[in-house]
Amino acid sequence: MKTDFYQNSDIFNNILTMNDLFKSKEELEKLSVDLFTSGNFLEKINQNINFLSRESLLKLLMQNCPNLDNPGSLEKVIEGIRESLNKIPIVTIIVAFNPSQGAVEKISDFICQSFSKRIVIDIKVDSEIIGGVKIIYEGNIKDFSIKRLLDRYFQEQKGSIQSLLHE
Amino acid sequence: MFIPYYLIIIFIGFFILFGFYIIYLYYLYNREREFESYKKQLDHRSSDILSKATNKAQDLIIKATEKAKDIIMTSEYLKSEIKEDLEEQKKQILKEYSDEIRHLHLTLGKSFEQIGAEIKQGFLDQAKKSIVKVESSFDQELEDFKQVIKNQTVLSQNHIGQRISSEFEKAEEEIQIYKKNELDKINFKIGMIIQKVTEEALKDSLTIELNEKFLLETLEKARRESFLKE
């Protein structure tokens with residue numbers, strides 16, 4: 001249940017792509033190591049957490065950790081967050097161009113809404129699809145590419161094209 | 001001097017035995033002389049017998065030789081007589097045979113010539129008949145052969161004609177199939193080229209903005225049609 005709670009937390013709001021996921025894991029890893037060194041806890045968060053939402057993380061830690069001075073119990077909560085990150089489903093998106101951040105956000109939004117859950121998208125570029133998108137999720141492929149549309153069109157219109165050629 | 005009794009007995013015994021021995025030797029001597037005289041007599045008699053036998057054998061040989069000479073002389077005489085007789089008989093037989101042969105030659109010569117002429121004529125007639133028969137048979141066979149060849153030629157011509165026609169049809173059919181296959185290949189290649197050109201043209205004409213717009217529209221459409229939930 002705790003895992004679900006972490007996933008629904010705002011801390012993951014910034015994580016849209018695989019790159020974001022790697023960055024987040026890295027930050028949590030660093031923080032978890034740093035916990036056992038001497039120093040102020042808040043300073044450690046400021047130093048190690050940049051991509052993830054510091055406020056959201058602090059909120060989570062305060063809600064779930066009874067003693068913030070105890071690095072062991074803090075490390076346990078951070079470990080829980082990391083496990084939650086590993087459980088976020090990944091959907092591969094193949095596009096014909098390198099999308100802008102705005103496009104990535106829109107794509108992610110569409111995907112999350114479509115699947116009604118938090119999803120991390122793994123964007124890959126393949127110019128052969130010309131345009132549109134190919135979505136791969138748990139081994140299933142949904143092809144909405146221009147390449148597929150053209151293939152279908154030329155297959156259907158093969159007879160007409162041939163008759164045009166022989167006129 | 002006293003001589004023991006037993007020595008006297010031994011002495012006397014010895015003299016007796018010696019006397020017997022002398023007598024025995026004398027007897028042997030006499031027997032040897034008798035044997036020698038018998039041997040001489042025997043030798044003498046045998047030499048007499050041998051000389052008599054030799055003389056008799058010589059007489060016999062002389063007589064036998066004379067007899068043999070007589071026999072040889074007689075046989076020589078007989079042999080010359082027999083030889084003369086045989087020569088005479090041989091001449092006689094030869095003469096008789098030559099006369100007989102001469103007669104036969106004269107009588108049979110004519111007959112042989114006649115028979116030969118008849119046989120020759122017979123052979124000629126037979127040969128003529130055979131030649132005529134062979135000629136007519138050959139003509140008939142030639143005619144038959146010509147007919148067969150003619151029929152076979154017509155049949156072959158028909159067969160070849162049919163075969164050429166069927167081969168032609170087959171070749172025409174194969175050409176049509178080949179043409180269709182090649183045309184299909186060309187059409188397929190042309191279709192591919194047109195598609196490729198279209199794709200390249202689209203790639204060049206689609207800007208990133210247009211592409212993004214199309215992408216979002218596609219996603220929106222997919223979401224509306226619940227494609228992503230399937």
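Because the structure is predicted, anything quoted here is derived from the model rather than measured. (Residues numbered from 1 in each chain as written. Chains lettered and ligands numbered in written order. Predicted model: local features only at pLDDT ≥ 70, side-chain atom pairs only at ≥ 80, totals over all residues. Heavy atoms only, no water.)

This part takes up the overall build of chain B. Check the secondary structure of chain B and you find two helices and zero strands. When each of the 230 residues of chain B is scored for burial, the buried share is 6%. Here chain B has roughly 21,400 Å² of accessible surface; of this, 64% comes from carbon and sulfur atoms. (Helix = DSSP H or I, 4+ residues; strand = E, 2+ residues; numbered from the N terminus. Buried < 20%, exposed > 50% of the residue type's maximum accessible area, 1.4 Å probe, protein only. Areas by Shrake-Rupley, 256 points an atom, 1.4 Å probe, with all protein chains shown as cover.)

With that settled, consider the overall build of chain A. Helix and strand counts for chain A come out as eight helices and four strands. Starting at the N terminus, the α and β elements of chain A follow one another as α-α-α-α-α-β-α-β-β-β-α-α. Within chain A, the fraction of its 167 residues that count as buried is 46%. When contacts within chain A are restricted to residue pairs at least 6 apart in sequence, those whose partners lie at least 24 apart make up 65%. For chain A, the exposed area adds up to about 9,200 Å²; of that, 48% sits on carbon and sulfur atoms. (Contact = heavy atoms within 4.5 Å.)

A few words now on the pairing of strand S4 (residues 140–145) of chain A. Residues and elements named next belong to chain A. As defined by bridge partners, strand S3 (residues 132–137) adjoins S4 across six bridges and the pair is classed as antiparallel. When the bridges of S4 are listed, Lys134 appears paired with Asp143. What sits between S3 and S4 in their antiparallel hairpin is a turn of two residues, with Glu138 showing a positive phi close to 45°. (Pairing = 2+ DSSP bridges.)

Looking now at the nonpolar core. All names here are of chain A. Judged by nonpolar contacts, the single largest core of 25 residues is most densely connected at Phe12, Ile15, Leu57, Leu61 and Ile81. Of all elements in the fold, only helix H2 (18–34), helix H3 (41–48), helix H4 (54–64) and helix H5 (71–86) reach the threshold of two or more residues within this core. When sequence neighbours within four positions are dropped, the list of residues in contact with Leu61 reads Phe41, Ile45, Leu68, Leu74, Val77 and Ile78. (Core = buried A, V, L, I, M, F, W, Y, C linked by side-chain atoms within 4.5 Å.)

What follows deals with the packing of aromatic side chains. Residues and elements named next belong to chain B. Taken as a whole, this structure holds five aromatic pairs over all chains when the rule is applied. On the numbers, 4.6 Å between centres and 70° between planes, the contact of Phe11 with Phe15 is edge-to-face. Taken together, the positions of Phe11 and Phe15, both in helix H1 (residues 5–205) and four residues apart, correspond to about one turn of that helix. Relative to Phe18, the ring of Phe14 lies with its centre 6.5 Å away and its plane at 20°, an arrangement referred to as stacked. Here Phe14 and its partner Phe18 are both found in helix H1, four residues apart, which amounts to about one turn of the helix. You can call Phe14 exposed: its relative accessible area is 51%. Note on Phe18: relative accessible area 45%, which makes it partly exposed. Clustering of aromatic rings is evident, with ring pairs tying together Phe11, Phe14, Phe15 and Phe18. (Phe/Tyr/Trp six-rings, centres within 6.5 Å; stacked < 30°, edge-to-face > 60°.)

Let us look at the interface of chain A and chain B. The partner chain B presents 27 residues to the 33 residues of chain A that form the contact. Both sides together, the interface formed by chain A and chain B hides about 2,800 Å², and carbon and sulfur atoms give 70% of it. The shortest N-O distance in the salt bridge between A:Glu128 and B:Lys203 comes to 3.4 Å. Of all the secondary structure elements, the ones that give two or more residues to the side of chain A that touches chain B are helix H6 (101–115), S3, S4, helix H7 (146–156) and helix H8 (158–166) of chain A. Counting residues per element, the side of chain A that touches chain B draws most heavily on H6(A), which supplies eight residues. Class assignment for the residues of the side of chain A that touches chain B results in 19 nonpolar, nine polar and five charged. (Buried area = accessible area lost by both parts, 1.4 Å probe. Salt bridge = Lys/Arg side-chain N within 4 Å of Asp/Glu carboxyl O. Nonpolar A, V, L, I, M, F, W, Y, C, P; charged D, E, K, R; others polar.)

This part takes up the packing of H3(A) against H4(A). Residue and element names in this part refer to chain A. Remark: H3 packs on H4, axes separated minimally by 11 Å, with the N-to-C direction vectors making an angle of 140°. By the angle between their axes, H3 is oblique relative to H4. Once H3 is placed against H4, the crossing between them reads as right-handed. Residues Phe41, Leu42, Ile45 and Asn46 of H3 lie in contact with H4, whose contacting residues are Arg54, Leu58 and Leu61. In the contact of H3 with H4, the residues fall into five nonpolar, one polar and one charged. (Axes fitted to C-alpha atoms, helices over the stretch in contact; angles between N-to-C directions. Parallel < 35°, antiparallel > 145°, perpendicular 65-115°, else oblique. Left-handed = near helix turned anticlockwise from the far one by under 90°.)

Residue and element names in this part refer to chain A. An order of S2-S1-S3-S4 is seen for the four strands of this open sheet, with the pairing classed as mixed. Both edges of this open sheet fall to strand S2 (120–125) and S4, since each of them pairs with a single strand only. Each strand of the sheet is rotated relative to its neighbour by a mean of 20°, with strand direction disregarded. Note that strand S1 (residues 90–95) and S2 share six bridges and pair parallel.

The next thing to look at is unusual backbone geometry. All names here are of chain A. Despite not being glycine, Ser116 shows a phi value in the positive range, around 55°. As for its placement among the helices and strands, Ser116 is situated in the loop between H6 and S2. For Ile130, which is not glycine, the phi dihedral falls at a positive 70°. The residue Ile130 is located in the loop between S2 and S3 in this model.

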